[in-house]
Amino acid sequence: MTVPRVLCVAEKPAIAKAVSQHLSGGSFQTIPVRGNQYVKNYVFDFNFGGPWGTCSVTMTSVIGHLTTLEFERQYKGWLSCPPGALFEAPVHITVDSDKAAIAKNIQEQAKYCKALFIWTDCDREGEHIGTEVRKQAKEGNARIVVKRAKFSNTEKAHVLNAARSLIELDDLQANAVAARIELDLRIGAAFTRLQTLQLKHISEALSEKIISYGSCQFPTLGFVVDRYLRVKNFKPENFWGIKVMHTRDGIKVNFLWRRVHLFDRAAVTVMLERCLMAKKAKVTKVNQKPTSKWRPLPLTTVDLQMMGSRYLRMDSQKIMKVAEALYTKGFISYPRTETDQFDKGIDLKKLIEKQFPDTNWGQYARGLLDGGYRTPRAGRHNDQAHPPIHPICWVSPTALSADEKKVYEFVVRRFLACCSEDAKGQTSEVEIQYGDEMFHAKGLIVLERNYLDVYVYDKWESSQQLPNFQMGELFEPTEAKIFDGKTTPPNYLTEPELIGLMDANGIGTDATMAEHIAKIKEREYVAVHSRGSGRNAVKELIPTRLGVALVEGYDNVVTGLPDSPSLSKPFLRKEMELRMREICAGSKSRTEVVQQSLEMYREVFIHTQRRINMLKDAVRKYLVEEAAS
Amino acid sequence: MANSEEQIALQLLSTKSLPVSAAWLNNFVASTAHQRNVPLSALAQTALFRILASDFRDSLSTRTPSSLLPVDIFDPTVQERQLQGSIPVQVLDIEDIGTGLWSQVEAIERVERGEAIRGREIVRTINVDEDPEQSAEGTGGNTASAQPETGNSNGPHRLVVQDAAGTKAVAIELKRVNGIALGKLPIGAKLVLRNATVARGMVLLTPESVTLLGGKIDSLDQTWKEGRKERLVARITEMQGQQ
């Protein structure tokens, strides 16, 4: 009896190798692939169980997408057609020239194989790459059977389990990616050509520049510009408030005004006078209650990027790269996930136990299993594909680069914090009525730090303690006076905030946000400035003149046009992303979505062409006039 | 006829504390004379409706001093005094003194850009530090300066009101009064002050001391709305000049 041959294809060489190692138990044959130095074929035997049994396996990989969508040759030149024609110009899929050898390898191998098992990452992009692989394999062997392995980390037991419970490729998700690729190509090329050709003559600085447009980049830029203008246009104003202080038992208690502050001095003066006329303040509430600071939710990609760029001093793209590397090496689970709830089936205690050897948090992990363990809070998101990001195994710090160490440490500490008890404390609150006005004072004692001990990123500290006040008691406050202050502008946008805004406004998927931010930096639409110094330095995003000009120009283009949202605003892209989800859910077809979305953007395109002068004026204003002044 | 005029006047005075001017009422009854067999209560209802849309200086009588503001009401040297009885007034201006002028301008601009439309809202600020679920429970105190969203104002509000004789006064919403808010209380809306306290020239509004009758003066309200942003900006500019 001959052993059936099976072809396995992963998304990256490192995954192919890791999976081969697990499936073969460490003994496999490595065969180079002609024409590509990174991709290898690993040959070994493995028993897949079920209908497959023991097979002779060739495990190989691609390197991301195999193919690109392109316009037909006659549309490729920048001056070959009016940019608007790109909304319907014919397109075709080609295998990237540098991927030809990889594609050929898959075709070749498929010839001798009964089945193809796809091991691309389990997300939308991975599903699409899976269909690209399938296409190549079918070209080599039309009758090949195609299955998919579902996995979210490269830990051994998990991989073995995935190999023995194969599923089908999800064509809906692949279609959503195909739709996105087509939309990005057409919309991106049409607007990029239009604005580059129209704007190049305005300023020397633009004559050689490609002014690229992307339907995600522009709203991302929009947020940066919006905040920048809010800071620039801000007008400080005076405000006034009432401050009440009372000394008791040698403690100075500051009572805060319920109204915080008002913008009318005369009114505040009258209010204070009425407090003083009343002479005595009355205690209307004395409250002591237990309080807690909640342990964090399980870690999602957005949170990793936000928290990471805040605490680890790395930008979000860097963090994702490092996390990706940690995943490929099998140290953490798949870092692209929207899920903030752990599945009941996952053995969290076992994962905690793996952290025992660590010199920094091993002791803490032990404490969790000695009774400190709590079931993690469950958030509201579940992408049904991946668990929250968590450590898979312990790794010695010496085996990691400096950046890897930081990200790994964050993931572990966050995970241990999730499995801990909330921090506990007690707040005491005293509320008084003084004249017609209400004031309150608050104190906090932290009683048990719990998760805070391991999650060093959160701060929660005891404040001054309040002396005793009796409910209903009357007293004459030691001091009551007016204070004044000035409103201050918001800060420039930081990267964690920007990620939060993109997420809240439905721009980009968790996986792509970091790329869009990197893009607008690379295109020189925004620059990163440091505010403050040393450990407290904050990196702020500030638009360049060109960045401001583009946003203002596109906003002006649609001014006064009802129902035509600006390209700098999130709506169009948000709409498009909702449609992608509809493709995934099977409620809309790919063609339907592509047509609808193209229609939306084509309308803006036509307006832009008609009112191109507005765009030119804005660019002139910022790049020519302001630059000169 | 005179009899029905008297009855309407009496009814509006007793139910709404509105001393209607005899001349105005006469006019009103004359204008409705062609409608026969209208019951008196319906007629009184129509009269009330018209009065609420009128300028009090035209429609109310100035004969009873107790329904008018003292002419020296603005006097800042008077620490405190009580206005006896019920005084009907109309709103000439309203502003939110709990919110900075500039953030009110920003809110108006958001509406101008169409961001108040459902589905077109933009989230502009997020709190990176807080657990979104826990922050609902609130850490209280210092974070109370949340941005006012379009339409609803935080207050307290500062009004300029006017009585039937044209005397104006500043009124401060000392305690929250339902119905007093930007976008809810139009210019020309009618209020009745009841035994209100005046401190340093400012009428102190509380739920006990004010009754909202509603209504508005369309022409005034329209101009007020159209000029609001400009006035806010002008005041900011003026303030910057003083600094």
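Residues numbered from 1 in each chain as written. Chains lettered and ligands numbered in written order. Predicted model: local features only at pLDDT ≥ 70, side-chain atom pairs only at ≥ 80, totals over all residues. Heavy atoms only, no water.

An unreviewed UniProt entry annotates chain B as RecQ-mediated genome instability protein 1 of Aspergillus oryzae. Recorded in UniProt under Sequence similarities (unreviewed entry), the annotation for chain B is "Belongs to the RMI1 family." (UniProt positions renumbered as here; feature names shortened; annotations may be inferred.)

In the annotation of an unreviewed UniProt entry, the entry for chain A reads DNA topoisomerase, and the organism field reads Aspergillus oryzae. Check the Catalytic activity (unreviewed entry) section of the UniProt entry for chain A; it says "ATP-independent breakage of single-stranded DNA, followed by passage and rejoining." UniProt, in its Sequence similarities (unreviewed entry) section for chain A, records the words "Belongs to the type IA topoisomerase family."

Undergrad: So what about the overall build of chain A? Which residues, and what values?
TA: Tallying secondary structure elements over chain A gives 18 helices and 18 strands in all. Oriented by its inertia axes, the alpha-carbon framework of chain A measures out at about 100 × 70 × 45 Å. Here chain A holds 629 residues, and the buried ones make up 55% of them. Accessible surface computed for chain A: about 27,800 Å², of which carbon and sulfur atoms make up 49%. Between the centroid of the 88 positive side chains of chain A and the centroid of its 75 negative side chains there is a distance of 2 Å. (Helix = DSSP H or I, 4+ residues; strand = E, 2+ residues; numbered from the N terminus. Buried < 20%, exposed > 50% of the residue type's maximum accessible area, 1.4 Å probe, protein only. Areas by Shrake-Rupley, 256 points an atom, 1.4 Å probe, with all protein chains shown as cover. Lys, Arg positive; Asp, Glu negative; His and termini not counted. Charge placed at Lys NZ, Arg CZ, Asp CG, Glu CD.)

Undergrad: Describe the domain arrangement of chain B, with residues and values.
TA: Frequently, the measure chosen for interface size is the accessible area that the parts lose on association. Residues and elements named next belong to chain B. When cut into domains, chain B gives domain 1 (2-52) and domain 2 (63-96 + 152-239). Counting residues at the interface gives six residues for domain 1 and 12 residues for domain 2. Both faces combined, the contact of domain 1 with domain 2 buries some 620 Å², and carbon together with sulfur accounts for 63% of it. When residues of domain 1 are sorted by the area they lose upon contact with domain 2, Ser17, Pro19 and Leu52 head the list and together hold 70% of the total. Put simply, domain 1 and domain 2 have zero salt bridges between them. The interface formed by domain 1 and domain 2 includes three residue pairs in polar contact (both at pLDDT 80 or more). (Domains from an automatic or database assignment. Contact = heavy atoms within 4.5 Å. Buried area = accessible area lost by both parts, 1.4 Å probe. Salt bridge = Lys/Arg side-chain N within 4 Å of Asp/Glu carboxyl O. Polar contact = N/O pair within 3.5 Å; in protein donor to acceptor, adjacent residues only side chain to side chain.)

Undergrad: Go over the UniProt feature "domain: Topo IA-type catalytic" (unreviewed entry) in chain A, please, and point to the residues and values.
TA: The sites that carry the UniProt feature "domain: Topo IA-type catalytic" (unreviewed entry) are, in the present numbering, residues 170-605 of chain A. Annotated as residues 170-605 of chain A, this span is 42% helix and 18% strand, and its ends, taken at the C-alpha atoms, are 34 Å apart.

Undergrad: Go over the UniProt feature "domain: RMI1 N-terminal" (unreviewed entry) in chain B with me, naming the residues and quoting the values.
TA: Mapped onto this numbering, the UniProt entry annotates "domain: RMI1 N-terminal" (unreviewed entry) at residues 12-59 of chain B. Annotated as residues 12-59 of chain B, this span is 67% helix and 0% strand, and its ends, taken at the C-alpha atoms, are 12 Å apart.

Undergrad: Go over the side chain of Asp340(A) with me, naming the residues and quoting the values.
TA: Residue and element names in this part refer to chain A. Here aspartate 340 shows up in the loop between helix 9 (316-328) and helix 10 (348-353). Among buried charged residues, aspartate 340 stands out as having no salt bridge; its nearest opposite-charge side chain is arginine 380, 7.5 Å away. Of the polar contacts made by the side chain of aspartate 340, one reaches the backbone nitrogen of arginine 380; its length is 3.2 Å. For aspartate 340, the side chain forms a polar contact with the main-chain nitrogen of histidine 381, separated by 2.8 Å.

Undergrad: Could you give an account of the pattern of salt bridges, with specific residues and numbers?
TA: Under the definition given, this model contains 57 salt bridges over all chains. Notably, a salt bridge pairs Arg620(A) with Asp617(A), separated by 3.1 Å at the nearest N-O pair. With Arg620(A) and Asp617(A) both in helix 18 (residues 612-628) and three residues apart, the pair spans about one turn of that helix. Two residues, Glu115(B) and Arg113(B), come together in a salt bridge whose shortest N-O distance is 2.9 Å. A relative accessible area of 6% places Glu115(B) in the buried class. Residue Arg113(B) is classed as partly exposed on the basis of its relative accessible area of 43%. Salt bridges sharing partners connect three or more residues here, namely Glu125(A), Arg180(A), Asp184(A), Arg573(A) and Glu577(A).

Undergrad: Give me the domain arrangement of chain A: which residues, what numbers.
TA: Residues and elements named next belong to chain A. By the assigned domains, chain A splits into domain 1 (3-168), domain 2 (174-231 + 490-622), domain 3 (236-293 + 421-484) and domain 4 (299-417). Facing the eight residues of domain 3 at the interface are 13 residues of domain 4. Between domain 3 and domain 4, roughly 990 Å² of surface is buried when both sides are summed, and carbon and sulfur atoms account for 61% of that area. Taken as a group, Val454, Tyr455 and Tyr457 account for 66% of the area that domain 3 buries against domain 4, more than any other trio of residues on that side. In this assembly, domain 3 and domain 4 are joined by one salt bridge. The tally of links between domain 3 and domain 4 comes to five residue pairs in polar contact (both at pLDDT 80 or more). Along the lines of polarity and charge, the residues of the side of domain 3 that touches domain 4 split into five nonpolar, one polar and two charged. (Nonpolar A, V, L, I, M, F, W, Y, C, P; charged D, E, K, R; others polar.)

Undergrad: Tell me about the sheet that holds strand 13 (residues 437-448) of chain A, residues and numbers included.
TA: Residue and element names in this part refer to chain A. One open sheet accounts for seven strands, arranged 14-11-12-13-10-9-15; its pairing is antiparallel. Bordering the open sheet on either side are strand 14 (474-475) and strand 15 (479-486), each of which pairs with just one other strand. Direction of pairing for strand 12 (residues 423-434) relative to strand 13: antiparallel, over a ladder of 11 bridges. The residue bridging glycine 425 from the neighbouring strand is valine 446, located in strand 13. (Pairing = 2+ DSSP bridges.)

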